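Okay, here's what each chain looks like letter by letter:
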Amino acid sequence: MLLDAASLYFRAFYGVPTSVTAPDGRPVNAVRGFLDMTARLLTAHAPDRLVACWDDDWRPAFRVEALPSYKAHRLSPDGGEETPEELGPQVPVLVDVLAAAGIDRVGAPGYEADDVIGTLATRARGPVDVVTGDRDLFQLVDDARGVRVLYTNRGIADIEVVDEAAVTARYGIPGRAYADFAVLRGDPSDGLPGVAGIGAKTAAALVSEFGDLAGVRSAAARTVVPRAPLTAAVLKKLHAGADYLDAAPVVVAVARDIALPAVEGALPRRPADPAALAALADAHGLRSSLGRLGAALGWPADVLDR
């Protein structure tokens, strides 16, 4: 099980009220929500390995170089990612909790969590569950290899299992064609404009007809007599968007071969540092959430007692 950590703690922040606080009054809703979601996922899906995948770089240079609009609308005045004021201080707490619990947390300089997930999913020898609220990771679903997405629809409790059939049902495209569909349609949440004038319906028709983006572009280049879905209007839009179509695939495609050390991801049968975890639990009011996580991991009931 690969957790898209930033996606989940943002989802937890917005899904759990900020009135959930530590003893000193600081909000811990994102941390509590993240831990509770992880406990439920462990109980429901019983993975044998677990990795929290981290954004070491939320806006990698190679993607910005290809498409300067990539996530530009999320930039804060200091050049970092715009983050709710009450969420920022919770992220280091979550980092400390994961370390004390013994849950592997993996990032890579210059890459997003998506790329860590793509690489670990590609390396995996068995089935993989990717937990995320980011549709970009639908491109990883692969029924033959048992790779699916556990998609957080709303809040922290509504989980949709997404496999190839679910991608087809949702978008009307082949199950492994999400990345090509997203390039054509665009995604405003990532600053991805798409081909001007081509919406979801046309993008789906093009990908379904020609298999992938390369097939769409090849067909557009050789089409003399327009016909649906390559009508004269669509051909004009594809030709006008040629520069964008040259650049966008490297932005959308999840990297699957970045340099990562071997990652064990073994489920911790006891906390890595029980004393540190107990101190974090007391300081931040996390005993109930850590109790649920511990129960899901099979920890002794008294593991946090000091």
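Residues numbered from 1 in each chain as written. Predicted model: local features only at pLDDT ≥ 70, side-chain atom pairs only at ≥ 80, totals over all residues. Heavy atoms only, no water.

Under the annotation held in an unreviewed UniProt entry, the protein chain carries the name 5'-3' exonuclease and is attributed to Geodermatophilus tzadiensis. Quoted verbatim from the Function (unreviewed entry) field of UniProt, the annotation for the protein chain is "5'-3' exonuclease acting preferentially on double-stranded DNA." (UniProt positions renumbered as here; feature names shortened; annotations may be inferred.)

**Overview of helix α4 (residues 90–101)**
Counted at 1.5 Å a residue, the expected span for α4 with its twelve residues is 16 Å, and the 16 Å between its end C-alpha atoms agrees. When we look at burial in α4, the residues that qualify are Q90, V91, V93, L94, V97, L98, A100 and A101. Elements that come into contact with the buried residues of α4 comprise α1 (5–15), α2 (29–45), β2 (51–53), β3 (104–106), α12 (274–284) and α13 (287–297). G102 sits one or two residues past α4 and shows a positive phi near 90°. (Helix = DSSP H or I, 4+ residues; strand = E, 2+ residues; numbered from the N terminus. Expected span 1.5 Å × (residues − 1). Buried < 20%, exposed > 50% of the residue type's maximum accessible area, 1.4 Å probe, protein only. Contact = heavy atoms within 4.5 Å.)

**Observations regarding the packing of α1 against α2**
Packing of α1 against α2 leaves a shortest axis separation of 7 Å and a crossing angle of 115°. Of the two possible hands of crossing, α1 and α2 adopt the one that is right-handed. Residues A5, L8, Y9, A12 and F13 of α1 touch α2, and the partners they reach there are N29, A30, G33, F34 and M37. Of the residues that constitute the contact of α1 with α2, the class distribution is eight nonpolar, two polar and no charged. (Axes fitted to C-alpha atoms, helices over the stretch in contact; angles between N-to-C directions. Left-handed = near helix turned anticlockwise from the far one by under 90°. Nonpolar A, V, L, I, M, F, W, Y, C, P; charged D, E, K, R; others polar.)

**Examining the environment of I258**
Its location among the elements puts I258 in the loop between α11 (242–252) and α12. Given a relative accessible area of 5%, I258 falls into the buried group. Expressed as a C-alpha distance, the spacing of I258 and Q139, which sit 119 residues apart in the sequence, is 17 Å. Apart from residues lying up to four places away in sequence, I258 is in contact with A108, Y111, D115, V116, T119 and R123.

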